[in-house]
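Examining the three-dimensional arrangement
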Amino acid sequence: MLLFNILLGILPALILGASWAAGIADDRQHRLMFLLVYGLWALTLAMWNWMRSAHVGWVVVWAAVGVVALTVWAIASRRP
């Protein structure tokens, strides 16, 4: 379970790195979209861990990461 959570947790970061390697420009919109996707992905992992009756620590960690990422996204997307 530990390895699976770590692997799924870094998957969006690997995709972001692959998009940079492919030559996609690293602009503000790209970073905001990453925060949105990562926040939703982390909340999905929290719910998945909860439904699989994983240790409560995993649920709390992924829920916290998701809420923080979505909060940063919401604050950053309101700034011009």
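Residues numbered from 1 in each chain as written. Predicted model: local features only at pLDDT ≥ 70, side-chain atom pairs only at ≥ 80, totals over all residues. Heavy atoms only, no water.

Moving on to the overall build of the chain. Each helix and strand counted, the chain has three helices and zero strands in total. Moving toward the C terminus, one meets the helices and strands of the chain in the order α-α-α. Each principal axis of the C-alpha distribution contributes one length, and for the chain these read about 40 × 30 × 15 Å. Expressed as a percentage of the 80 residues in the chain, the buried residues total 25%. Of the accessible surface of the chain, which amounts to about 5500 Å², a share of 77% is contributed by carbon and sulfur atoms. (Helix = DSSP H or I, 4+ residues; strand = E, 2+ residues; numbered from the N terminus. Buried < 20%, exposed > 50% of the residue type's maximum accessible area, 1.4 Å probe, protein only. Areas by Shrake-Rupley, 256 points an atom, 1.4 Å probe, with all protein chains shown as cover.)

The residue serine 53 is not glycine, and still its phi comes out positive at about 55°. By secondary structure assignment, the location of serine 53 is in the loop between helix H2 (28-51) and helix H3 (56-78). Assessed through its relative accessible area of 64%, serine 53 is described here as exposed.

Bringing the packing of aromatic side chains into the picture now. Applying the stated rule across the entire model yields two aromatic pairs. Arranged with centres 5.6 Å apart and planes meeting at 25°, the rings of phenylalanine 34 and tyrosine 38 form a pair that is stacked. Here phenylalanine 34 and its partner tyrosine 38 are both found in helix H2, four residues apart, which amounts to about one turn of the helix. For phenylalanine 34, a relative accessible area of 22% corresponds to the partly exposed category. We classify tyrosine 38 as buried; its relative accessible area is 18%. (Phe/Tyr/Trp six-rings, centres within 6.5 Å; stacked < 30°, edge-to-face > 60°.)

Residues Leu2, Ile6, Leu7, Ile10, Leu11, Leu14 and Ile15 make up a contiguous nonpolar surface patch of about 650 Å² in total accessible area. Mapped onto the secondary structure, leucine 2 falls in helix H1 (residues 2-21). According to the relative accessible area criterion, leucine 2 is exposed, its value standing at 52%. (Patch = residues over 30% accessible without salt bridge, like charges linked within 9 Å, V, L, I, M, F, W, Y side chains within 5 Å. Salt bridge = Lys/Arg side-chain N within 4 Å of Asp/Glu carboxyl O.)

This next bit is on the confidence of the model for the chain. Per-residue confidence for the chain gives a mean pLDDT of 90; residues scoring 70 or more make up 100%. Ranking the helices and strands of the chain by mean pLDDT puts H3 first, with 95, and H1 last, with 86. (pLDDT = per-residue confidence, 0-100.)

Another point: the side chain of asparagine 5. Along the chain, the position of asparagine 5 falls in helix H1. Non-local contacts of asparagine 5, meaning those with residues more than four positions away in its chain, are made with Asn49, Trp58 and Trp62. (Contact = heavy atoms within 4.5 Å.)

An ideal rise of 1.5 Å per residue puts 33 Å on 23 residues; H3 measures up with 33 Å between its terminal C-alpha atoms. Taken as a whole, H3 has its buried residues at Val59, Trp62, Gly66, Ala69 and Ala76. Turning to H3, the residues buried within the fold contact H1 and H2. (Expected span 1.5 Å × (residues − 1).)

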